[in-house]
Protein chains: 2
Amino acid sequence: MKVLIRELYNKPEDFQNKKVELQGWVRNNRSQKKFGFLDFHDGSHQKTIQLVYEESTENFKKIQKIRVGSSIVVEGELVMTPKMKQPFEVKCTFVELVGDSPEDYPIQPKRHSREFLRTVSHLRPRTNLFQAIFRIRSETKHAIHRFFDQKNFIHVDSPIITGNDGEGAGAMFSVGVPEKPGLPMSNYEKFFSTKTYLTVSGQLQAEAFALSLRNVYTFGPTFRAERSNTQKHASEFWMVEPEMAFCDIECAMKISEEMIKYVVGQVLENCMHEIDLLNAFVDKGLRKKLQELMTHTFKKITHKEAIDILINSKQKFDNEPNHAKDLNSEHEKYLTDVHFKCPVFIKDWPKNIKAFYMRENSDKKTVAAFDLLVSGGVELVGGSQREERMGMLKERMKSMNVKNDGLEWYLDLRKYGGVVHSGFGLGFDRLIMYLTSTENIRDAIPFPRTPNNCKY
Amino acid sequence: MKVLIRELYNKPEDFQNKKVELQGWVRNNRSQKKFGFLDFHDGSHQKTIQLVYEESTENFKKIQKIRVGSSIVVEGELVMTPKMKQPFEVKCTFVELVGDSPEDYPIQPKRHSREFLRTVSHLRPRTNLFQAIFRIRSETKHAIHRFFDQKNFIHVDSPIITGNDGEGAGAMFSVGVPEKPGLPMSNYEKFFSTKTYLTVSGQLQAEAFALSLRNVYTFGPTFRAERSNTQKHASEFWMVEPEMAFCDIECAMKISEEMIKYVVGQVLENCMHEIDLLNAFVDKGLRKKLQELMTHTFKKITHKEAIDILINSKQKFDNEPNHAKDLNSEHEKYLTDVHFKCPVFIKDWPKNIKAFYMRENSDKKTVAAFDLLVSGGVELVGGSQREERMGMLKERMKSMNVKNDGLEWYLDLRKYGGVVHSGFGLGFDRLIMYLTSTENIRDAIPFPRTPNNCKY
């Protein structure tokens, strides 16, 4: 019977002393004189299983020579091993080499540095570590879709190529077609009859759909052409951007809290073995960090209150807390880890440091924007109530030098039946870093794109 | 009590003769001398509801003047109307205008042409038709994720920006950054230190993950810089690309059939009202078409058999069927609609007209590729078993002028523990066209991108 390792781990007793057939890859081959052990995985489960072969196994000598990374087909009997570390093993009656793996196979059964593994992005998902990270990435994506599906949010694909120049959200990549292959892209405007870029956010287009279908979300790739080579910045990353009509800032914060808690809960529940591994070898506080996030009610303070707390803390910061400025990561860390010891929303930000579409508060100095900070000072979510008042929006665009040109349609959303609406953005890859305690964004993305790096 | 129209339609009896509070938009206002009717939607359900106001309603005169497209807040009592077309209506006690909508509002209560509605992509989701199409699009996306989630497929994000030049899959967009804003992109290579493009497919990268995590899929945007202005081609479109290790062509066809049937079943079940509308006003055969697809076992024939059938049909075709060539859409239509009257897989294609990565059959003339054709001759899925034999793959790359350069990593997947594996691609937007009987791909995508068209 052909089975997957996942099925064996799910219900080993169903297979006890039965013949099983497996297909997969060899992680290690420890051959002794009269027997040997294959550390074996088939991609279906985080854990490997142990295959035992003996002198009596067909092709014993050939099996002894099977190399790390090779693919094999196996027949054998599942035997419970209550006294050993692993709950069961498979005693092989037959092992066939399917695809060999030469001596120079880069993934050997030892610890490789993450820097080295980045140079073999096509092979690193074969390691324990990256199996865990990329399984969690997949489960997180599924959980996000489930969350919004259950809440009847309509999924909308915002466009990737856009004529909108991003209104200062950051440096953008241009998109075009050279007249002939190989020529410089001097005529790159001609394909769409307008300058085109890779999107920095799907929000504006999502707003159009929220004002039609009420609760919507986009989940797509976004891009920044910043030449910053940091651990946290990638040129290409995925964003979840929900947008809700008849929903104010409080409502948006509530939904973002529910979403984060749902997703973390699902990862803890459905990626138990992956979290086990990361908790053991990467961050001994990972599970606790995630469990604690689930149990807290997230705090809410204003930006002014946050700065007051920082000033009154008498703490020495490299950057002085300032009521007119953004928070630095040292400030964020102090708030989450020292002062509140729980996730915290910072809302009502000085309007001069925030985007043109955020709704001005009645104090005329702040906007109804919020950031969600979690342990370590990590900023997981940023959102706002949108400026739905036509006059206020136009005024703000003028004062921030945002041209109407190309945004007439966005103004239309206020002209024709405008309503209170809000939304937020979640950087998906940063969330994966948080969920897996991964320090470098390059290790949270299957094939990361960063300055000077576009292999694959 | 604040409620959504969706909740009212789901269980009207729960709200019978109760006070409800609603927020939404006016589709139409038919005001009489002593009473009036508002056709009202709130984005939460395909159907609108009727609001009744009377002389005794607060602000009666103001309500009479509320214009189409305006947003309102309503209080009233839900009353069952068993003798009328609609099952219930809401008798208003209070109606407040929230956001006005001037006379020039483009979406009036009449039939607009799709051509006109394309010029207001930010407002067209407010129409009945586009509410239906985009709800079905959302449900289809959710259903695809559910299908793979339930089958334990790992979701992988293939990169969007790529250094791989697509190996002849079609014209590609280039990506770059001008040295200074406004300058031509003559130095567009410098950001990544290599020429970069927008991906035409996530398949090659998905293969690397299938050979690690067994069953995986990508679901992302892909791009073609073809200057073809047809109803079926967009410059930006979404693709679902599953890739399975230890899976041959038969296994891939099986999974694609299961996936299509699951998705169609979910749309029929969860988008009943949307299908009702499309079936009534767009294509009277839509529901039947989808239901029939569910009940058939998909046929399987080889490309040679398909050509033989076409030749023997004595049918007059504009393009003569040819054993060495691709099928034309008139051929495909004949096969699905006249000859088989059911969905059909065409497999084992002449190798000279297929991509380099498809596995050569033992006849040395064909490759283990397949297309899935459904009613109307629509090609929903294309897939293949991949060439896992290093020697064969290198030979094929050589004969097709595909350079090893930049694909060494792809060859590595054969060098180190290669296994039989297969996958397929589903054009998501084409599937939406099929599920909604939409003829123009511009009407199946929220903000479509086509040559000379990149508004929004």
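Basis of the calculations
Residues numbered from 1 in each chain as written. Chains lettered and ligands numbered in written order. Predicted model: local features only at pLDDT ≥ 70, side-chain atom pairs only at ≥ 80, totals over all residues. Heavy atoms only, no water. Least-squares fit on C-alpha atoms with pLDDT ≥ 70 in both. Contact = heavy atoms within 4.5 Å. Pairing = 2+ DSSP bridges. Helix = DSSP H or I, 4+ residues; strand = E, 2+ residues; numbered from the N terminus. Axes fitted to C-alpha atoms, helices over the stretch in contact; angles between N-to-C directions. Parallel < 35°, antiparallel > 145°, perpendicular 65-115°, else oblique. Nonpolar A, V, L, I, M, F, W, Y, C, P; charged D, E, K, R; others polar. Buried area = accessible area lost by both parts, 1.4 Å probe. Salt bridge = Lys/Arg side-chain N within 4 Å of Asp/Glu carboxyl O. Polar contact = N/O pair within 3.5 Å; in protein donor to acceptor, adjacent residues only side chain to side chain. Disulfide = S-S within 2.5 Å. Buried < 20%, exposed > 50% of the residue type's maximum accessible area, 1.4 Å probe, protein only.

Enquirer: What's the story with the relation of the copies chain A and chain B in this structure? I'm lost.
Expert: For the pair of chain copies, the relating operation is a rotation around an axis with a shift along it. When chain A is fitted to chain B, the residual RMSD is 0.0 Å, and the transformation amounts to a turn of 180° plus an axial shift of 0.0 Å. On this basis, the relationship between the two copies can be described by a two-fold rotation axis. Considering only C-alpha atoms, the residue of chain A closest to the rotation axis is Val175(A), which sits at 2.4 Å. An overlap of 100% is found between the interface residues of chain A and their copies at the interface of chain B, pointing to a shared contact surface.

Enquirer: What exactly am I supposed to notice about the sheet that holds strand β13 (residues 344–350) of chain B here?
Expert: Adjacent strands of a sheet form backbone hydrogen bonds with each other and so pair up, either parallel or antiparallel. Residues and elements named next belong to chain B. With mixed pairing, the eight strands of this open sheet are ordered in space as β6-β10-β11-β16-β15-β14-β13-β12. Whereas interior strands pair on both sides, the edge strands pair on one side only; in this sheet they are β6 (154–155) and β12 (299–302). With four bridges joining them, β12 and β13 adopt parallel strand pairing. Residue pairing for β13: Thr302 is matched across the bridge by Lys347.

Enquirer: Got a minute to help me understand the packing of helix α6 (residues 249–270) of chain B against helix α7 (residues 272–281) of chain B in this structure?
Expert: Helix-helix packing: each pair is described by the crossing angle between the helix axes and the interaxial distance. All names here are of chain B. Where α6 contacts α7, the two axes come as close as 5 Å, and the packing angle between them is 90°. If you check the angle between α6 and α7, you find them roughly perpendicular. Contacts between α6 and α7 involve Val267, Leu268, Glu269 and Asn270 on the former and, on the latter, Met272, Glu274 and Ile275. Residues belonging to the contact of α6 with α7 are distributed by class as follows: four nonpolar, one polar and two charged.

Enquirer: What should I look at first to understand the interface of chain A and chain B in this one?
Expert: Interfaces are often described in size by the accessible area the parts lose on coming together. The partner chain B presents 107 residues to the 107 residues of chain A that form the contact. Regarding the contact of chain A and chain B, the summed buried area is about 8,800 Å², with carbon and sulfur atoms giving 61% of it. Considering only the side of chain A, the residues that lose the most area to chain B are Asp157(A), Phe191(A) and Tyr416(A), jointly responsible for 9% of the buried surface there. Linking chain A with chain B are ten salt bridges. One can count 49 residue pairs in polar contact (both at pLDDT 80 or more) joining chain A with chain B. Element by element, the count of residues in the side of chain A that touches chain B is highest for helix α4 (residues 128–150) of chain A, at ten residues. Here strand β8 (residues 174–176) of chain A runs beside strand β8 (residues 174–176) of chain B; their pairing, made up of three bridges, is antiparallel.

Enquirer: Looking at this model, I keep getting lost on the environment of Gly170(B). Mind explaining?
Expert: Residue and element names in this part refer to chain B. Counting through the fold element by element, Gly170 comes out in the loop between β7 (161–162) and β8. A C-alpha to C-alpha distance of 45 Å links Gly170 and Gly24, two positions 146 residues apart in sequence. Apart from the residues within four sequence positions on either side, Gly170 is in contact with Arg224 and Glu226.

Enquirer: I keep staring at the state of the cysteines and nothing clicks. Help me out?
Expert: Each disulfide consists of one covalent bond between the sulfur atoms belonging to two cysteines. Residues and elements named next belong to chain A. Taken as a whole, this structure holds two disulfides over all chains when the rule is applied. Between the sulfur of Cys247 and that of Cys251 lies a disulfide, 2.0 Å long from S to S. Negative torsions about the S-S bond denote left-handed disulfides, and the value of about -105° found for Cys247 with Cys251 makes this one left-handed. A residue is classified by how much of its surface remains accessible, and Cys247, at 1% relative accessible area, is buried.

Read these as geometric descriptors, not functional statements.
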